[in-house]
Amino acid sequence: MNDLLSWLLRLDRLRFGDPGVEFGFTRELPSWGWVAVVLAAALLGWYGYRRLEGSRAARFTLASLRALALIALAVIIAGPRLVKPNEVEEPDWVLVLVDRSASLTVKDAPSQPGAPLTTRDQQLRAALDASRPVWSQLAADRVLVWMGFDSTAWEARPNQTPGEPTAASASVPDFGEPVGRRTDLNRALDAALKRAAARPLSGVVVLSDGRSIEPPSRALLRRLEAEKVPVFTLALGSEKGLADLAIRHAEAPRTAFVRDIVPVVVELERLGPAAPTAPGSAAPTAVVELIDDTTGSVLDTREVTFDQPAPAPRAASPDAPGTPALDERRATATLISQPSIAGKTNWSVRIKPSAGGGAGGADAVELIEDNNRVDLPIELIDRPLRVLYLDGYPRWEYRYLKNVLVRESTVSSAVTLLAPGRRYIQEGSEAIDALPASPEDWAKWDVLILGDLWPGVFTSEQLTQIRERVALAGLGVVWIAGEGAVPDAWRSTPLADLLPFTADGGGGLSSGSADSTAAWGEPVVMRALPAADPLGLLRLAEAPVDGSWWPARLSDPAAGWSQLRWAQKIDRRAVKPTTEVLALAHPALDRAAADSADTPLVMSMRFGAGRIIYVATDEIWRWRYGRGEFYTERFWLQIVRLLGRESVARSGKPAILQVLPDRAQTDRPVRIELTLIDQQLVDARPQSLKVRIRRASDGAAADSGDDLIELTLTPDTAGADARATPRTYSTTWIPTESGRFKVEAIDPALVSMSPGSAALAANIHVWQPDDEMRQPQTDHALLADLSKATGGKTLNAAELRTLPSLLPNRRLKLAGEPDIQTLWDTPLALIVVVVLLTAEWIGRRLLRLA
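Because the structure is predicted, anything quoted here is derived from the model rather than measured.

1. Considerations on the sheet that holds strand β13 (residues 298–305)
If you walk across this open sheet you meet the five strands as β10-β17-β16-β12-β13, and the pairing is mixed. Every interior strand has two partners, whereas the edge strands, β10 (255–257) and β13, have only one. Across the sheet, the mean angle from the axis of one strand to that of its neighbour is 30°, orientation sign disregarded. Summarising the sheet, strand β12 (residues 285–292) and β13 pair through seven bridges and their orientation is antiparallel. Directly across from V287, in β13, lies its bridge partner E303. Against the sheet, helix α12 (residues 630–649) contacts β10 and β17 (373–381), and its axis sits at roughly 135° relative to β10.

So this is what it looks like as structure tokens:
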């Protein structure tokens, strides 16, 4: 029967009952239209036979046949057919953008309460692993496209065979390590939208810390809003803006004596969000520690306050408009240790945030740990520090200083009173048969103290030997001024170069002859200057007060015993260019005297490999009336130990090498400046000095010829007197590559005075202008604004499971060309019409109407 029906209807392609097959008409009529057709056909059939002869039943039958024939013709005209629609449903797309920039290596991401912080990348991977069922569901229902991004976006294709679409994989891709040096979220979103062009896009998911050199542009936001594409974000890292603490530089003696007080000077930096500036707000703080790596013990700890703005505050780069301005603050700390075990060892300096951060907890964690530690190798020598003290007469300063040296177990001293034509008197812990008369004899001593004695006690050869020993071997010299010979009698000797001021030191400042250094005509008090602290000098207090180791009572003339009854009045203009003034003399009786009236009282000067200390008074002994020998002993032993350390290590630097700025951008000029602090070098007047720039890395690769750049520094005479001796040499370097570089002095004049590991060097860190690690702080506000502007939502890791319900349904149904089987031109249609018309004709013949 089915075969017969199929033949009658010619059902060769479509059949009744097939899936998706529907019956319809080419010319569709509404239901009321078919009712009208039936009524019209019935009316025409009734109208044609209402007055004919014959029985009513016969006429009714013929009218019905006619009506049926008319209805059949109407159906055939409407075009009956079988239709199978060919519709295609296209699933909507979901784009997942995963941040792969280097800022994800920062360890500031919260994990479990009380657990250590993790890196942002670890937080990201944990969130992805925990939400794998979510991604599997999205991949099953939608086209899930994974894309990594830093400066742009790229598609990740996990576990994929050739020809397989990305959406076929439900697993989370392995994006590798985050190494991108810049993040451009605007460009990444634009690339992602191009990937999904002309596709039904349900939404975009961004997993990032928000750090971007370029925020989403207004045009991109308008496009997302117009296309109704919501962006859902997962913010990584800390919600608060955190600062990065760094050790810019740490310096310690390469060699020191056991039981010596060894200073370590540390320069620190805080880089990050702006520090509080409101009145009464606390400045940010940090803790810096000195650690013995051999034992792991903490040798000293200091809390530092970052209240010093950087010399040149760094603003946002014009190439990175999305990056806010950086607040850079610096601090300096001096750590102290008194080692007890001899031998070579390694110390390290470490910085860490203080509890609470000192500024609302903003620095409670540290962003980049690589810049929080500096290693300091040091060799500790277990032998007494050898001091030769020569003076001209037994003044009070001599007596007290002699006793200090004799009592100190770490010092071996020979103390001698000398006067021309007289017998010399020996004291101290060692006896000498005669004054040193050869370089070998002078080599036995670490420090030479010259009191108020006349140069005539030495031969010219001995004076020359002292000068050479200072310049070449680093012998430390202390001058103690007196009313007799020092300094005036030494002006015409070879040791005149070892005086830190010139002959007109007191000219016109007080009574006295033109050939003598003037003296104060009244008592003075000593005022320590900050320059003494990095040297470990004038640290006379038992503990720092307001950051100062100088006891305020020593500068208070009201104490009486703090007054120095005699001191030389040295004109500041006579101080040599390389001299550092460590303390000033301030008049004790004239309390209204201006600070400009103060004169240098304690001075330090480099000469070759050695250091000179000049004390322009012999009244330090008077401090004993305030606290016994405490202040006097500390004053002199700190000077002796400094000179002894530098004598053994020859660690004194002949110059200061600076790179300005020390954090620079590529293709921006950098000034390399070298300032001479060694008077012997200044007097030599070099025409130029050479430095070398290399990458700051270990191994032979660092010394390859391709990485070396040699530059010549010339005297900086801008604004200076052409007749003046140049002290500063400079040049300009434009770095073209990023990285850490080391600038080293290679000029023979400098290398000979900075042997071994004490080579004169400075470091510089060169960044790309858009390197996000310059400011790796999170920017969660940017992600929140992006989600809000596009109708999305900012999610946390736990809320990722709700993502399928948050994404709108953007599936598309595409209508193709349908399959059609016409029924109006089939044998059955012809048979029905012919049968109905034939039946009516036969009926009419029977009724004799035809």
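2. What about the nonpolar core?
Among the nonpolar cores identified, the biggest contains 83 residues, and F458, W479, W490, W623 and F635 are the most heavily contacted of them. Ranked by the residues each element gives to this core, the list is headed by α12, at eight residues. Once residues within four sequence positions are removed from consideration, F635 is found in contact with M526, L538, L540, V602, V615, I620 and W623.

3. Overview of the packing of helix α8 (residues 396–407) against α12
When two helices pack together, their arrangement is given by the angle between the helix axes and by the axis-to-axis distance. Put simply, α8 and α12 touch, their axes get as near as 10 Å, and they point 65° apart. With respect to α12, the element α8 is oriented roughly perpendicular. Of the two elements, α8 crosses α12, and the hand of that crossing is right-handed. Of the residues in α12, those touching α8 at E397, L401, V404, L405 and R407 are E633, W636, L637 and V640. In terms of residue class, the contact of α8 with α12 is made up of six nonpolar, no polar and three charged.

4. With respect to the sheet that holds strand β34 (residues 761–767)
Read from one edge of the open sheet, eight strands run β27-β29-β32-β31-β30-β33-β34-β28, paired in mixed fashion. Bordering the open sheet on either side are β27 (655–660) and β28 (663–665), each of which pairs with just one other strand. Averaged over neighbouring strand pairs, the angle between their axes works out to 30° when direction is ignored. Of the pairings in the sheet, the one linking strand β30 (residues 689–695) to strand β31 (residues 709–715) comprises five bridges and is antiparallel in character. The residue of β31 that forms the bridge with R692 is E710.

5. Some thoughts on unusual backbone geometry
In this model, V486 is joined to P487 through a cis peptide bond whose omega is 10°. Structurally, P487 is set in the loop between β22 (476–480) and β23 (524–528). For the bond from L660 to P661, the omega torsion is -5°, close enough to zero to count as cis. As for its placement among the helices and strands, P661 is situated in the loop between β27 and β28. Located in the positive-phi region is K228, a residue other than glycine, with phi close to 55°. Position of K228 relative to the elements: it lies in the loop between α7 (218–226) and β8 (231–235). Judged by relative accessible area, K228 falls into the exposed class, the value being 57%. You will see that D667, though not glycine, has its phi angle at about 65°, which is positive. Look at D667 and you get exposed, because its relative accessible area is 55%.

6. Quick look at helix α5 (residues 132–141)
Residues of α5 that are buried: V134, W135, L138 and A139. Buried residues along α5 cover an arc of 130° about the axis, so they all sit on one side. Away from its buried face by more than 90 degrees, α5 exposes P133 and A140. In the core, the buried residues of α5 are packed alongside β4 (93–99), α4 (120–130), β5 (143–149), β7 (201–208) and α16 (803–806).

7. Some thoughts on the pairing of strand β32 (residues 728–733)
By the bridge criterion, six bridges tie strand β29 (residues 670–676) to β32 in an arrangement that is antiparallel. From the neighbouring strand, L674 faces β32, where its bridge partner is Y729. Here β31 pairs with β32 via two bridges, running antiparallel. Within the sheet, the bridge partner assigned to T714 lies in β32 and is S730.

8. Overview of the pairing of strand β2 (residues 80–84)
By the bridge criterion, four bridges tie strand β1 (residues 22–25) to β2 in an arrangement that is antiparallel. Bridge assignment links F23 to a residue of β2, and that residue is L82. In this structure, β2 lies alongside strand β37 (residues 819–822), joined through four bridges in antiparallel fashion. Counterpart to L82 in the pairing with β37 is Q821.

9. With respect to α4
All buried positions along α4 are accounted for by R120, D121, Q123, L124, A127 and L128. Taken end-on, α4 shows its buried residues confined to a sector of 160°, consistent with a single buried face. At its buried positions, α4 is contacted by β4, α5, β5, β7 and β8.

10. What about the confidence of the model for the chain?
Averaged over all residues, the pLDDT of the chain is 83; the fraction at 70 or higher stands at 86%. Note that residues 160–169 has pLDDT below 50 and, in this model, 14 contacts with residues that lie over four places away or in other chains. Note that residues 698–705 has pLDDT below 50 and, in this model, eight contacts with residues that lie over four places away or in other chains.

11. Section: the side chain of Q462
Counting through the fold element by element, Q462 comes out in helix α10 (residues 460–473). When its relative accessible area of 8% is taken as the criterion, Q462 is described as buried. Here the side chain of Q462 touches P436 through a polar contact of 2.8 Å, landing on its backbone oxygen. Apart from residues lying up to four places away in sequence, Q462 is in contact with L435, P436, A437, W442 and V457.

12. Examining the packing of aromatic side chains
Enumeration over the complete set of coordinates arrives at 18 aromatic pairs. Aromatic side chains Y400 and W621 sit 6.0 Å apart centroid to centroid with 10° between the ring planes, which places their arrangement in the stacked category. In this pair, Y400 sits in helix α8 while W621 sits in the loop between β26 (610–615) and α11 (624–627), placing the two residues 221 residues apart along the sequence. For Y400, a relative accessible area of 12% puts it in the buried group. Overall, W621 belongs to the buried group, its relative accessible area being 6%. With a centroid separation of 6.2 Å and an interplanar angle of 10°, the aromatic rings of W561 and Y631 are classed as stacked. Within this pair, whereas W561 is found in the loop between β23 and β24 (580–587), its partner Y631 is found in helix α12, the two being separated by 70 residues in sequence. We classify W561 as buried; its relative accessible area is 15%. Taking the ring centre of W396 as reference, the NZ or CZ of R399 above it sits at 4.8 Å. Directly above the ring of F630 sits R627, whose terminal nitrogen or CZ lies 4.0 Å from the centroid.

What counts and what doesn't
Residues numbered from 1 in each chain as written. Predicted model: local features only at pLDDT ≥ 70, side-chain atom pairs only at ≥ 80, totals over all residues. Heavy atoms only, no water. Pairing = 2+ DSSP bridges. Helix = DSSP H or I, 4+ residues; strand = E, 2+ residues; numbered from the N terminus. Axes fitted to C-alpha atoms, helices over the stretch in contact; angles between N-to-C directions. Contact = heavy atoms within 4.5 Å. Core = buried A, V, L, I, M, F, W, Y, C linked by side-chain atoms within 4.5 Å. Buried < 20%, exposed > 50% of the residue type's maximum accessible area, 1.4 Å probe, protein only. Parallel < 35°, antiparallel > 145°, perpendicular 65-115°, else oblique. Left-handed = near helix turned anticlockwise from the far one by under 90°. Nonpolar A, V, L, I, M, F, W, Y, C, P; charged D, E, K, R; others polar. Arc of directions from axis to C-beta. pLDDT = per-residue confidence, 0-100. Polar contact = N/O pair within 3.5 Å; in protein donor to acceptor, adjacent residues only side chain to side chain. Phe/Tyr/Trp six-rings, centres within 6.5 Å; stacked < 30°, edge-to-face > 60°. Lys NZ or Arg CZ within 6 Å of the ring centre and 35° of its normal.

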